[in-house]
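Topology and contacts: notes
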Amino acid sequence: MSEENINIGWRAPSNIALIKYWGKRANQLPENGSLSITLEKSTTTTFLSFRKKESGNSEIALNYYFHGDRLPQFEKKTELLLNNLLPEMPFLVDYELEFHSENNFPHSTGIASSASSMSALALCLVSMEELVNGKKMSREIFFRRSSHIARLGSGSASRSVYGGLVLWGNTPCLKESSDEYATPYLLPEDSRLNKLMDIILIVSSMQKSVSSSKGHALMNEHPYRDGRKSQANTNLEKITEAIRTNDYQTIASIAENEALSLHALLMTSGSDGLLLKPGTLHIIEEIKRYRDSTGLDIFYTIDAGPNVHLIYYEDQREQVLSFVQKSLSQYCEGGQWIDDKMGNGPVQLTPEQKI
Ligand code: PMV
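The structure reproduced in this document is the subject of the present report.

Analysis parameters
Numbering of residues starts from 1 in each chain and follows the order in which that chain's sequence is written. Totals for whole chains, interfaces and linings use every residue, but because this is a predicted model, local features are given only for residues with pLDDT of at least 70 and side-chain atom pairs only at 80 or more, for both listing and counting. The side-chain values count all of the structure's non-hydrogen atoms but skip hydrogen atoms and water molecules. Burial classification: accessible surface area is computed with a 1.4 Å probe over protein chains only, and a residue below 20% of its type maximum counts as buried, one above 50% as exposed, and the rest as partly exposed. Under the DSSP-based scheme used, a helix requires at least four consecutive residues in state H or I and a strand at least two consecutive residues in state E, with every element numbered from the N terminus. Here the rule is simple: two strands pair whenever DSSP picks up at least two bridges between them. Proximity is defined per residue: any heavy atom of the residue falling within 4 Å of a molecule or strand makes that residue near it. Under the rule applied, a polar contact is a pair of N or O atoms within 3.5 Å (in protein, one hydrogen donor and one hydrogen acceptor; residues adjacent in sequence only if both atoms are side-chain atoms). Working definition of accessibility: Shrake-Rupley area with a 1.4 Å probe, residue cover restricted to the visible protein chains. Under the grouping applied here, Gly and all other residues not named as nonpolar or charged are polar, the nonpolar ones being Ala, Val, Leu, Ile, Met, Phe, Trp, Tyr, Cys and Pro and the charged ones Asp, Glu, Lys and Arg. Delimitation of the domains relies on an automatic or database domain assignment. Every axis in this analysis is a line fitted to C-alpha atoms, fitted for helices over the stretch in contact. Angles between the N-to-C directions lie between 0 and 180 degrees. We call two directions roughly parallel when the angle between them is under 35 degrees, roughly antiparallel when it is over 145, roughly perpendicular when it lies between 65 and 115, and oblique otherwise. In this scheme, a crossing is called left-handed if the near helix is turned counterclockwise away from the far one by less than a right angle; it is called right-handed if the turn is clockwise. Throughout, a contact is declared for two residues whenever any of their heavy atoms are within 4.5 Å.

So, about the pairing of strand S12 (residues 308-313). By the criterion of burial, S12 is predominantly enclosed, with six of the six residues buried. Residue alternation in S12 divides its side chains into two sets, Val-308, Leu-310 and Tyr-312 and His-309, Ile-311 and Tyr-313, and both sets are buried. The sheet contact formed by strand S10 (residues 196-201) and S12 spans six bridges and is antiparallel. Looking at the pairing, Met-197 lines up with Tyr-312 of S12. Note: strand S11 (residues 299-302) against S12, four bridges, orientation antiparallel. Paired with Thr-301 across the strands is His-309, a residue of S12.

As structure tokens, then:
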């Protein structure tokens, strides 16, 4: 390998969970299995440029730029993560590393970016590993390893290295599933689920009062901890069966049950974990009313925040867009919503595409 700077780039999407990962064991291992939709438009682009250090030392040497600015806070977090990765990626201390990262979803929308950013970062690191070891991995091993590395940064990021529906966590519902990494949940080509769309209704763009790390930690002593584990496992079993049989109503009711359960767990955790806003509840009511009156298969899910994801199928797009404009946008901050859909997963970028 030359002594020049080498550039690697990946664009990775965010994802939204239908079955929520909530609660973890040591080393970011999940208490329960989760299932998510990988998005298409909400992405993070990260470039890693690296060159061999002139003098050897055993410290991580990195600069981190976010939208062109050095962010000490991000730098510290990344340094911590890379130090944790050293047992698996000892070569990291032999290079000067420079990361340039950008999110394409609007700033301050309250959309968590850890899934897309940690998965883009992991993909860059595993590409670097291939280059420094001079050994190409099979695509299956490459993505599996990237998912594993992403998981160590943020659990949900493990799912963002694949497109479509993605499952993470060891479960009898999928033979090849694992707690260590995520696995694509493949659908038949003609399944209507391949055409899942997602409108993200931005009720508030304020930073959340409870971070997901704090939320996971609150589950350790939660009075409903065991109940949650068994609920999530049952929901995962039921939703995978409903996916197999194209039972859209069951998919919808389980996804909504998961969203409300996540918030119920937060509210009963003994913290002041109330993340829903009045606008969130208005949107839920409107979605239910509209579904009852039209019979459409739309449903909602909510992440650990106040914003609502309205999930629907492509063949209902016209009606849904007009419903959003007429009835839901009034509850969105500045009328803001993001028009997204299920996507195909990350893409590798050439050095010429560097930000
Ligand atoms: O990946 P983390 O540690 O930010 O946790 C994500 C947790 C949820 O977004 C609430 C649920 C999920 O499965 O994505």
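Another point: the site of the ligand. As a structural note, the neighbourhood of the ligand is formed by 13 residues, with Ser-154, Ser-156, Arg-159, Ser-212 and Asp-303 the closest of them. His-216 has a polar side-chain atom sitting 2.9 Å from an oxygen atom of the ligand. Considering the ligand on its own, with 380 Å² of exposed area, one finds that the protein chains cover 93% of that surface. Per-class residue counts for the shell around the ligand are four nonpolar, six polar and three charged. When residues of the shell around the ligand are assigned to domains, at least three fall in each of domain 1 (6-186 + 343-353) and domain 2 (192-341).

On to the pairing of strand S5 (residues 61-66). Within a regular beta strand, the side chains point alternately toward one face of the sheet and then the other, so they alternate between its two faces. Relative to strand S7 (residues 95-103), S5 runs parallel, the two sharing six bridges. Across the sheet, Asn-63 pairs through a bridge with Glu-98, a residue of S7. Pairing of S5 with strand S6 (residues 69-70) involves two bridges; the strand directions are antiparallel. Bridging across to S6, Phe-66 finds its partner in Asp-69.

This part is about the packing of helix H1 (residues 72-85) against helix H2 (residues 114-133). Relative to each other, H1 and H2 sit at 45°, their axes nearing to 13 Å. As the angle between them shows, H1 and H2 are arranged oblique. You can see that H1 and H2 cross each other, and the crossing is right-handed. Residues Thr-78, Leu-81, Leu-82 and Leu-85 of H1 touch H2, and the partners they reach there are Met-118, Leu-121 and Leu-125.

Remember that the coordinates give geometry; whether it matters functionally is a separate question.
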